[in-house]
Amino acid sequence: YPLNDIMQEMAFMPGFVRLPSARQLTVQMMQNPQILAALQERLDGLVGSPSGYMESLPKVVKRRVNALKNLQVKCAHIEAKFYEEVHELERKYAALYQPLFDKRSDIVKAAYEPTDEECEWKADDEEELTVSKPEEMKEKAKVEEEKKDEEKEDPKGIPEFWLTVFKNVDLLSDMLQEHDEPILKHLQDIKVKFSDQGQPMSFSLEFYFEPNEFFTNTLLTKTYKMRSEPDESDPFSFDGPEIMGCTGCTIDWTKGKNVTLKTIKKKQKHKGRGTVRTVTKTVPNDSFFNFFTPPEVPESGELDEDSEAVLAADFEIGHFIRERIVPRAVLYFTGEAIEDDDDDYDEEGEEADDEEGEEEGEEENDPDYDPKVGGRMPTVDLM
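What comes next is a walk through the structure. (Residues numbered from 1 in each chain as written. Predicted model: local features only at pLDDT ≥ 70, side-chain atom pairs only at ≥ 80, totals over all residues. Heavy atoms only, no water.)

**Here we look at the overall build of the protein**
And step 1. The secondary structure content of the protein amounts to 15 helices and seven strands.
And step 2. The proportion of buried residues among the 383 residues of the protein is 26%.
And step 3. Residue pairs at least 24 apart in sequence account for 60% of intrachain contacts in the protein once pairs closer than 6 positions are excluded.
And step 4. As displayed, the protein has an accessible area near 28,000 Å², and 51% of this comes from carbon and sulfur atoms. (Helix = DSSP H or I, 4+ residues; strand = E, 2+ residues; numbered from the N terminus. Buried < 20%, exposed > 50% of the residue type's maximum accessible area, 1.4 Å probe, protein only. Contact = heavy atoms within 4.5 Å. Areas by Shrake-Rupley, 256 points an atom, 1.4 Å probe, with all protein chains shown as cover.)

**Focus: the pattern of salt bridges**
And step 1. In this structure the tally under the stated criterion is 10 salt bridges.
And step 2. For Glu90, the salt bridge goes to Arg322, with nearest N and O atoms at 2.6 Å. Separated by 232 residues along the polypeptide, Glu90 in helix α5 (residues 59-108) and Arg322 in helix α12 (residues 305-325) bring together distant segments of the chain.
And step 3. With relative accessibility at 28%, the residue Glu90 sits in the partly exposed group.
And step 4. Linking Lys185 and Glu160 is a salt bridge whose minimum nitrogen-to-oxygen distance equals 3.7 Å. Of the two residues, Lys185 sits in the loop between α11 (181-184) and β1 (187-194) while Glu160 sits in the loop between α8 (133-153) and α9 (161-168), which places them 25 residues apart along the sequence.
And step 5. Overall, Glu160 belongs to the partly exposed group, its relative accessible area being 36%.
And step 6. Several salt bridges share partner residues, and in doing so they unite Glu90, Arg322 and Glu323 into one network. (Salt bridge = Lys/Arg side-chain N within 4 Å of Asp/Glu carboxyl O.)

**Quick look at the nonpolar core**
And step 1. Of all hydrophobic cores here, the largest spans 48 residues; its most connected members are Phe166, Phe207, Phe288, Phe289, Phe291 and Ile321.
And step 2. The element best represented in this core is α12, accounting for six residues.
And step 3. Apart from the residues within four sequence positions on either side, Phe291 is in contact with Met175, Leu205, Phe207, Lys222, Tyr224, Asp314, Ile317 and Ile321. (Core = buried A, V, L, I, M, F, W, Y, C linked by side-chain atoms within 4.5 Å.)

**Some details on α12**
And step 1. Taking 1.5 Å per residue, 21 residues should reach 30 Å; α12 reaches 28 Å between its end C-alpha atoms and fits that length.
And step 2. Among the residues making up α12, those that are buried are Ser307, Leu311, Asp314, Phe315, Ile317, Gly318, Phe320, Ile321, Arg322 and Ile325. (Expected span 1.5 Å × (residues − 1).)

This is a description of form; function is not addressed.
Structure representation (structure tokens):
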């Protein structure tokens, strides 16, 4: 009998267990973080290791390959200079963007009321075509009702603008705690400031707050130091500017308002007398404002695993705020930028390969199937 017919008959036999296909096994393995970590460690160990082919080359050819590698080192140094000039270009254009961002800030905090002309926004043609007449009438009535409500409430500027941005972005909302939200309602602006010309590469995130009951600061800062030069001991590892470390700032909390700390009570029993006493202890508390007190990088550059993980996440967040949040804040407020970010990624496992059969297609289209996708993270170098 053909093999497929035999397999189909065996599938109905008691005790028969169908083994997963090679592709199914691969998919399952690549979703296992331990296997991925082991694979990455193995690949890292192969970097720079000589191949059998190189060993088999004649001496005269190896000599020429060494010449190519020396050329590659020179390329890395030129690339480093390229990124330094990119940083200067970013600094130059930041000055051109800033007046627009300042006006955005003035509108948000009600320091400036835009004109009717500035507020006029033409919807996309596709949007207009999809709205039917009855729906259009309902929408107009809704807008009129909202206008009446606004006249009654008279809200100033755009309330909770930055808090809404943070809550709309998963990377930032994961940092937010319920006790952070009343504080972030007072956040009026975030600015990016680049290092001056001729100074070492760095950028600062500046968070501006209106006077509030939680702390006396009106400005909280976070500075990221960068380097754009190949490592002499491993020049081929150069892949753009590296974030070398970051420094936060001191928050002058009002008494009893520090959300980065919490007070817990513990009962202690005396070993000899058996008496019990209650001890009050202050311990760290989860909060967005821990962002301003990152782990310090020692001169040796050696950190424990937990501190390295915290810094890696911190660098990703700082880079994201600088590159995406500040330039496109209004689109994260409305949610449009989030949709654009989602469109940057292809959906995996959307269609099953006909040759693999229906069963595999169902597995890859399962709602619980969550392939890992992501962009390039800023390089972390603690040396």
